[in-house]
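Examination of the molecular architecture
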Amino acid sequence: MENAPYSLGGVVDALLGSYEKYPAICKIGVNSQPNRDTVIEILKKLQIVMFPGYFGTTKPKSTTIAYYIGSILEEVDYHLRKQIGKALQHGGVSADEARTRAGRLTEQFMARLPHVREYLDTDVEAAFDGDPAAYSMDEIILCYPGLYAIMVSRIAHELFLLGVPLIPRIMTEHAHTITGVDIHPGATIGKYFFIDHGTGIVIGETTEIGDRVKIYQGVTLGAMSTRGGQSLHHAKRHPTVENDVTIYSGASILGGATVIGEGVVVGSNAFITQSIPSQTKVSVKNPELQMKTSGRETPEKQEFAQEEFWDYQI
């Protein structure tokens, strides 16, 4: 069958028909929905507030810092009220009630910013102390994708706790897009959290993480199964990770009943669906390295050396 001749008008007409046929993915004429670009701009302004002097085009001085931060927060307050109001309307709240609630929620969120910054200070410290490749805290703040993902997660988590719909997820998915770190805004994360390298990390909604936890690239803190769909919405689906845990690259820890005890070290590529007692080291059983030299039929075999004893092997 030959394609019909191209016509811009024909494409427009076909798309208009598609908008009527598939209205679930069309928001023409709808003003009660947060604007993704505006939410990202709010994040950029909050990043300046969290790390003054590091971001933005203006370098604040000690004599003008109060005015500088105040003016940024005034912009955040104005735009965030509008976006929260739209998010609430999108969820079915009337326009008048949405405006009132948005104002109250914005004020509560703004009051939590010093708390967020307190936790971020510990995160920068954990990254510097935990990464010998870091030459300064400035390098961590300016360059590390893991820290950016944590910052966004902490900001979004405060909005999530306040019951603000949609906006927290827009924030964390923006961070996911640019860092490769996927942290649901519902995840609870303690102080001194360090993500090394960052790419490919997934932390699910009901995950609970204690203090001084360090995780490497490719780690998943996920659910056992999501086949139950929306019936699992309020269930504890993701693991609990207690204080002073280290999780190496490629490990997957799954299930809401799974508790990783204090001081546990989880080796690379471990697949864990059961609780691990405190002060335990877990590894996959030693893999076997096979080497084949050109011209030889039988590959040589060499086992990886194991430098220390691991209590659990899986």
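Thresholds, definitions, all that
- Residues numbered from 1 in each chain as written.
- Predicted model: local features only at pLDDT ≥ 70, side-chain atom pairs only at ≥ 80, totals over all residues.
- Heavy atoms only, no water.
- Pairing = 2+ DSSP bridges.
- Helix = DSSP H or I, 4+ residues; strand = E, 2+ residues; numbered from the N terminus.
- Salt bridge = Lys/Arg side-chain N within 4 Å of Asp/Glu carboxyl O.
- Buried < 20%, exposed > 50% of the residue type's maximum accessible area, 1.4 Å probe, protein only.

Below, the discussion takes up the sheet that holds strand S13 (residues 271–272). Remark on secondary structure: sheet strands pair via backbone hydrogen bonds, oriented parallel or antiparallel. The strand order across the open sheet built from five strands is S1-S4-S7-S10-S13, with neighbouring strands paired in parallel fashion. The outermost strands of the open sheet, each flanked by one partner alone, are strand S1 (181–183) and S13. As paired strands, strand S7 (residues 220–222) and strand S10 (residues 252–254) are joined by three bridges and run parallel to one another. The residue bridging Leu-221 from the neighbouring strand is Ile-253, located in S10.

Within this structure, the stated rule accounts for 13 salt bridges. For Glu-107, the salt bridge is made with Arg-81, and the minimal N-O distance between the two is 3.3 Å. Of this pair, Glu-107 sits in helix H4 (residues 95–111) while Arg-81 is found in helix H3 (residues 65–90), placing the two residues 26 residues apart along the sequence. Classification of Arg-81 as partly exposed rests on a relative accessible area of 28%. In this structure, Asp-123 engages Arg-154 in a salt bridge whose closest nitrogen and oxygen atoms are separated by 2.7 Å. Highlighted residues: Asp-123 in helix H5 (residues 113–130) and Arg-154 in helix H7 (residues 145–161), separated in sequence by 31 residues. Overall, the relative accessible area of 1% leaves Asp-123 in the buried class. For Arg-154, a relative accessible area of 9% translates into the label buried.

Right, let's talk about the sheet that holds strand S8 (residues 240–241) for a bit. Pairing in this open sheet of four strands is parallel, and the strands run S2-S5-S8-S11 from one edge to the other. Strand pairing shows two members of the sheet lacking a second neighbour, strand S2 (188–189) and strand S11 (259–260), which therefore form its edges.

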